[in-house]
Amino acid sequence: MIEYLHNAIRAVAGQTATVYAFFANDDGSFVSDGVVFMLHDQDGNHLAHVDGSFNAETGQWTFDIPAEATAGRKGRHWYCFQHDNANLCFLQPYYLV
């Protein structure tokens, strides 16, 4: 199970969670390559780097966060998206229940 509340995500620890996102360039065209999902623990330490897959028809990115990355974890963690190794956003809350 996964839920979105604004930029916060709530997911079940130890289960694969699929995150969907859209990214646009300044000219409105979709970013179609080089985007990854980064998951961090409560202290900001890196837990997972997940390559996304891009759907050219819809412009949607799909990221499957593996169950192993969150197994045995609870509470608030952090995520962000990167494009060509540059953060696209500040760290956002990722709650594991």
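Please read all numbers here as calculations on a predicted model, not as lab measurements. Each chain carries its own residue numbering, running from 1 in the direction its sequence is written. Local features are withheld for residues below a pLDDT of 70 in this predicted model, meaning they are given only at 70 or higher, and side-chain atom pairs are given and counted only at 80 or more; totals for whole chains, interfaces and linings count all residues. Side-chain measures were taken over the full set of non-hydrogen atoms in the model, leaving aside hydrogen atoms and water.

*Asks:* How should the sheet that holds strand E3 (residues 17–22) be read in this particular structure?
*Replies:* The pairing of strands in a sheet happens through backbone hydrogen bonds and is either parallel or antiparallel. Two strands pair under a simple rule: DSSP has to find at least two bridges between them. Runs of E in the DSSP output that reach at least two residues are strands. Runs of H or I that reach at least four are helices, and both are numbered from the N terminus. Ordered by their spatial adjacency, three strands build an open sheet running E3-E7-E6, and the pairing between neighbours is antiparallel. Looking at strand neighbours, the two that pair on one side only are E3 and strand E6 (53–55), the edges of this open sheet. Neighbour-to-neighbour, the strand axes of this sheet turn through a mean angle of 25°, independent of strand direction. In terms of strand pairing, E3 meets strand E7 (residues 60–65) through six bridges, oriented antiparallel. In the sheet register, Thr18 faces E7, and the bridge partner there is Asp64. Axis definition: a line fitted to C-alpha atoms, over the contacting stretch in the case of helices. Angles run 0 to 180 degrees between N-to-C directions.

*Asks:* Help me out: how do you make sense of the layout of surface pockets in this one?
*Replies:* Empty space among the atoms can be located by rolling a probe the size of a water molecule over them. Considering only enclosed or pocket space, the largest pocket measures out at about 150 Å³ in volume. Considering the residues around the largest pocket, the lining is formed by twelve residues, among which Asn7, Tyr79, Phe81, Cys89 and Gln92 are closest to the centre. Within the residue set of the lining of the largest pocket, elements represented by two or more residues are E3 and strand E8 (75–83). Only Asp, Glu, Lys and Arg are considered charged, only Ala, Val, Leu, Ile, Met, Phe, Trp, Tyr, Cys and Pro nonpolar, and every remaining residue, Gly among them, polar. Taken together, the residues that form the lining of the largest pocket break down as nine nonpolar, three polar and no charged. Any residue with an atom within 4 Å of a point lines the site, the site being either a cavity, points on a 1 Å grid over the protein atoms alone where a 1.4 Å probe fits but cannot get out, or a pocket, an open set with protein on both sides within 12 Å along at least 5 of 7 lines. Grid points are joined across faces, edges and corners, and a volume is the space filled by probe spheres set on the points.

*Asks:* Would you mind showing me how to read the packing of aromatic side chains here?
*Replies:* One pair of aromatic rings is described through two measures. These are the centre distance and the angle between the planes. Stacked, tilted and edge-to-face pairs are distinguished by plane angle, under 30 degrees for stacked and over 60 for edge-to-face with tilted covering the rest, among Phe, Tyr and Trp rings (Trp via its six-membered ring) whose centres lie within 6.5 Å. Within this structure, the stated rule accounts for eleven aromatic pairs. Ring geometry for Phe37 and Phe63: centres 6.2 Å apart, planes at 40°, overall tilted. A residue pair is termed long-range when its members are at least 10 positions apart, and Phe37 in strand E4 (residues 35–40) and Phe63 in strand E7 qualify at 26 residues. Comparing Phe37 with Phe63, the two get one shared label, buried. Centre to centre, the rings of Phe63 and Phe81 are 5.3 Å apart; their planes meet at 50°, and the pair counts as tilted. Of this pair, Phe63 sits in strand E7 while Phe81 sits in strand E8, and the two are 18 residues apart along the sequence. For every residue, the accessible area (1.4 Å probe, protein chains only) is compared with the maximum for its type, and the residue is labelled buried under 20%, exposed over 50%, or partly exposed between those bounds. Assessed through its relative accessible area of 0%, Phe63 is described here as buried.

By themselves these figures say nothing about function.
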